[in-house]
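# Notes for the structure review
Listed below, chain by chain, are the residues.
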Amino acid sequence: MTKPTPSPLHQAVIPDGAFSYPVRRTDETRWFSFLLLEGFTLLAFSSALDPLRIANQLAREPLYGWQVVSQDGASVPSSSGLSLEVHGPLTEVDDSALLFVCSGNQGLHVASENTIAELRRRARFGGQHGGICTGATTLARAGLLQGKRFTLHWENQPGFVEAFPSLTPTRNRFERDAGLLTCGGGSAATEMMLSLIAQDYGTEFAILVADMCLNDPDLNGRRDQRSSIATAVDSRNPKLLQVVRDMYAHIEDPLPLEELAQGANVSRRQMERLFRQMMGEPPASVYRNIRLEKGRSLLMETDMSVMEVAIASGFSSANVFTRHFKTRYGETPYGARGRRR
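First, a word on what this report is: a plain description of the structure on this page. (Residues numbered from 1 in each chain as written. Predicted model: local features only at pLDDT ≥ 70, side-chain atom pairs only at ≥ 80, totals over all residues. Heavy atoms only, no water.)

## Thoughts on the overall build of the protein
Assigned secondary structure in the protein consists of 14 helices and 9 strands. In summary, the protein has a C-alpha radius of gyration of 22 Å against a globular reference of 20 Å for 341 residues, a match within 12%. Overall, the C-alpha framework of the protein stretches about 65 × 45 × 35 Å when taken along its three principal axes. For the protein, with 341 residues in total, the buried portion stands at 52%. Taking all contacts inside the protein whose residues are at least 6 apart in sequence as the whole, residues at least 24 apart take part in 66%. When the accessible surface of the protein is totalled, it reaches about 15800 Å², and 48% of it is carbon and sulfur. (Helix = DSSP H or I, 4+ residues; strand = E, 2+ residues; numbered from the N terminus. Rg over C-alpha atoms; globule rule 2.2 N^0.38 Å. Buried < 20%, exposed > 50% of the residue type's maximum accessible area, 1.4 Å probe, protein only. Contact = heavy atoms within 4.5 Å. Areas by Shrake-Rupley, 256 points an atom, 1.4 Å probe, with all protein chains shown as cover.)

Below you can see the structure in the form of structure tokens.
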């Protein structure tokens with residue numbers, strides 16, 4: 001990736017720190033640009049930026065650099081009311097740099113037509129783009145999401161689908177599709193950047209960066225942005241909520257689907273239809289994922305054996321638990337526990 005020409009305002013930063021981990025650096029500093037739009041989410045932006053800073057601190061090398069810009073070069077107010085100074089305007093970003101668009105709840109409207117035109121121009125000349133929190137909305141306005149896997153914050157997905165009916169965001173915490181990177185914000189922004197660091201300098205180094213962030217990393221983005229119970233509550237459907245509550249109440253001793261449906265006073269067919277409509281997947285998958293989340297938590301927080309964790313999570317054997325765990329998280333329970341140790 002070609003880096004923007006550094007100016008005195010945005011030289012690569014190498015902070016001091018008590019802990020270090022040397023890496024073999026074979027490339028020049030990799031630069032990222034962040035376009036802050038009015039009302040951007042400060043948490044999401046800083047969650048994406050700080051892993052780069054920590055990587056430099058651990059390596060004591062300028063592995064990464066960053067340039068923060070606004071539409072016109074002026075400071076930008078965040079959704080928390082705090083304004084942030086930037087290095088310059090969007091037009092100063094190198095065409096070949098990866099540019100992340102950062103916005104908040106008003107993401108559909110805040111980018112000017114000049115900014116949309118500039119994003120299109122950059123794309124024609126090979127510019128790569130990403131979206132943080134609701135940044136994907138601006139990319140959609142610029143026509144840069146067609147045929148791509150992408151995501152944005154779950155709160156804003158219903159409005160996004162109304163505005164762009166031909167585009168469907170995923171529920172994943174972050175997505176990488178060739179040169180396009182998008183995330184739902186918050187800790188998902190950290191995980192997205194950790195996945196890039198792992199690609200550049202290996203999983204072990206990325207995990208050390210995650211440890212400095214006090215983050216339990218999901219380097220592949222396969223986890224949902226929301227818990228099943230949050231989705232059920234948001235649906236405001238009492239029957240769906242009752243089923244999901246019963247699922248959480250019976251993790252170690254899973255209930256048959258017929259009994260779950262009976263407890264909510266619906267038929268199994270009605271329950272299946274309700275889950276696919278409201279949750280996007282069948283009740284069996286939702287139930288299994290709830291149990292896998294419990295198992296993952298036990299692996300990270302206790303010294304229970306994998307077999308004990310499997311039983312406590314409602315799986316008939318360690319082999320069955322391991323198979324489903326690897327499908328969902330991209331690694332085995334043994335690998336997850338060893339990685340954290």
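## Some details on the packing of aromatic side chains
Within the structure shown, the criterion is met by 13 aromatic pairs. A ring pair is formed by Y64 and Y201, whose centres lie 6.1 Å apart and whose planes are at 90°; its orientation type is edge-to-face. Here Y64 is found in strand β2 (residues 64–70), whereas its partner Y201 is found in helix α5 (residues 187–201), with 137 residues between them in sequence. Each of the two residues, Y64 as well as Y201, counts as buried. Connected via pairs of aromatic rings, a cluster forms that spans Y21, F32, F34, F40, F45, Y64, F100, Y201 and F205. The lysine or arginine in question, R291, covers the ring of F315, its NZ or CZ lying 4.3 Å from the ring centre. When the ring centre of Y329 is taken as origin, the NZ or CZ atom of R296, which lies over that ring, is 5.2 Å away. (Phe/Tyr/Trp six-rings, centres within 6.5 Å; stacked < 30°, edge-to-face > 60°. Lys NZ or Arg CZ within 6 Å of the ring centre and 35° of its normal.)

## Some words on the pairing of strand β6 (residues 98–103)
The element β6 is largely enclosed, with a buried count of 6 among its 6 residues. Neither face of β6 is open: one carries L98, F100 and C102, the other L99, V101 and S103, and all of them are buried. In terms of strand pairing, β6 meets strand β7 (residues 128–133) through 6 bridges, oriented parallel. Across the sheet, C102 pairs through a bridge with I132, a residue of β7. Taking the sense of rotation as the criterion, the β-α-β connection linking β6, helix α2 (residues 113–124) and β7 turns out right-handed. (Pairing = 2+ DSSP bridges. Right-handed = clockwise from strand over helix to strand, strands pointing away.)

## Thoughts on the pattern of salt bridges
Oppositely charged side chains may form a pair once their charged atoms are brought near each other. Taken as a whole, this structure holds 10 salt bridges when the rule is applied. Ionic pairing is found between R53 and D50, a salt bridge with its closest N-O pair at 3.2 Å. One end of the pair, R53, and the other, D50, are both in helix α1 (residues 42–59), 3 residues apart, so they sit about a helical turn from each other. (Salt bridge = Lys/Arg side-chain N within 4 Å of Asp/Glu carboxyl O.)

## Here we look at helix α13 (residues 318–329)
When the terminal C-alpha atoms of α13 are compared, their 16 Å separation across 12 residues agrees well with the 16 Å that a helix rising 1.5 Å per residue should span. Of all the positions in α13, only A318, F321, T322, F325, R328 and Y329 are classed as buried. Relative to the axis of α13, the buried residues are bounded by an arc of 135° and lie together on one face. Along α13, exposed side chains directed more than 90 degrees from the buried face belong to N319 and T327. G330 sits one or two residues past α13 and shows a positive phi near 80°. (Expected span 1.5 Å × (residues − 1). Arc of directions from axis to C-beta.)

## Thoughts on the side chain of R122
Position of R122 among the secondary structure elements: in helix α2. One buried charged residue, R122, remains without a salt bridge, the closest side chain of opposite sign being D95 at 4.3 Å. Setting aside anything within four residues of it in sequence, one finds R122 in contact with V93, D94, D95, S96, A97, L99, G127, Q128 and H129. (Lys, Arg positive; Asp, Glu negative; His and termini not counted.)

## Points about the sheet that holds strand β8 (residues 174–177)
Pairing in this open sheet of 7 strands is mixed, and the strands run β5-β2-β1-β6-β7-β9-β8 from one edge to the other. Each end of this open sheet is capped by a strand with a single partner; those strands are β5 (88–89) and β8. Of the pairings in the sheet, the one linking strand β1 (residues 30–36) to β2 comprises 6 bridges and is parallel in character. Residue pairing for β2: S33 is matched across the bridge by Q67. Packing against the sheet, α2 makes contact with β1, β6 and β7, and its axis sits at approximately 135° to β7. (Axes fitted to C-alpha atoms, helices over the stretch in contact; angles between N-to-C directions.)

## What to know about the packing of α1 against α5
Contact geometry of α1 with α5 gives a least axis separation of 7 Å together with a crossing angle of 30°. Here α1 is positioned roughly parallel relative to α5, judged by the angle of their axes. For α1 against α5, the interelement crossing comes out right-handed. Residues A44, S47, A48, P51, L52 and A55 of α1 form the contact with α5, whose participating residues are A189, T190, M193 and I197. A per-class count over the contact of α1 with α5 returns 8 nonpolar, 2 polar and no charged. (Parallel < 35°, antiparallel > 145°, perpendicular 65-115°, else oblique. Left-handed = near helix turned anticlockwise from the far one by under 90°. Nonpolar A, V, L, I, M, F, W, Y, C, P; charged D, E, K, R; others polar.)

## A closer look at the packing of α5 against helix α6 (residues 203–212)
Close contact between α5 and α6 brings their axes to 7 Å; oriented N to C, the two are set at 145°. When the axes of α5 and α6 are compared, the crossing they make is right-handed. For the pair α5 and α6, contact is made by L194, I197, A198 and Y201 and by T203, F205, A206, V209 and A210, respectively. Its residues assigned to classes, the contact of α5 with α6 comprises 8 nonpolar, 1 polar and no charged.

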